[in-house]
Amino acid sequence: MASTTSTSTTGSIANTVSDAANYVVESGKELLSGASKEGNKEVAKGHTDASLTDRASAGFSAVGDKIEESGHSAKADAHKESAKH
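Engineer: Is there a simple way to think about helix α2 (residues 52-84) in this case?
Structural biologist: Between its first and last C-alpha atoms α2 spans 48 Å; for 33 residues at 1.5 Å apiece the expected length is 48 Å, and the two agree. Among all positions of α2, only A58, A62, D65, E69, H72, A76 and A83 are buried.

In structure tokens, the structure reads:
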């Protein structure tokens, strides 16, 4: 009986540590996507010497970065909540 409780407790701790690590990773990815988005927005706005084609491409990239940023944020929140339980 004691070994079953010990195993489930160890598994629970391992899951919590895993969720916490995944939270950190997803939070980092969220920050990187946000930084990339902001850089692309500046190019798209014309705050550089970029061509019109490059500005349009940067605009599309900024939208993609925002989608990635939101996805990483949602995953990070899910891992954070899972680590609490």
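Engineer: Would you take a moment to explain the environment of S27 for this structure?
Structural biologist: Inspection of the secondary structure assignment puts S27 in helix α1 (residues 2-44). Residue classification places S27 among the buried positions, given a relative accessible area of 19%. C-alpha separation for the pair S27 and D77, spaced 50 residues apart in sequence, amounts to 8.8 Å.

Engineer: I tried to follow the pattern of salt bridges on my own but got confused; where do I start?
Structural biologist: Side chains that differ in sign of charge can pair as their charged atoms come close. Tallied over the full model, the rule gives 6 salt bridges. The shortest N-O distance in the salt bridge between K41 and E38 comes to 3.4 Å. Taken together, the positions of K41 and E38, both in helix α1 and 3 residues apart, correspond to about one turn of that helix. Bridged by salt links that share partners, the residues K37, E38, K41, K66 and E69 form one connected network.

Engineer: Hey, could you run me through the side chain of K37 in this one?
Structural biologist: One can find K37 in helix α1. Overall, K37 belongs to the buried group, its relative accessible area being 13%.

So, how was this worked out
Residues numbered from 1 in each chain as written. Predicted model: local features only at pLDDT ≥ 70, side-chain atom pairs only at ≥ 80, totals over all residues. Heavy atoms only, no water. Helix = DSSP H or I, 4+ residues; strand = E, 2+ residues; numbered from the N terminus. Expected span 1.5 Å × (residues − 1). Buried < 20%, exposed > 50% of the residue type's maximum accessible area, 1.4 Å probe, protein only. Salt bridge = Lys/Arg side-chain N within 4 Å of Asp/Glu carboxyl O.

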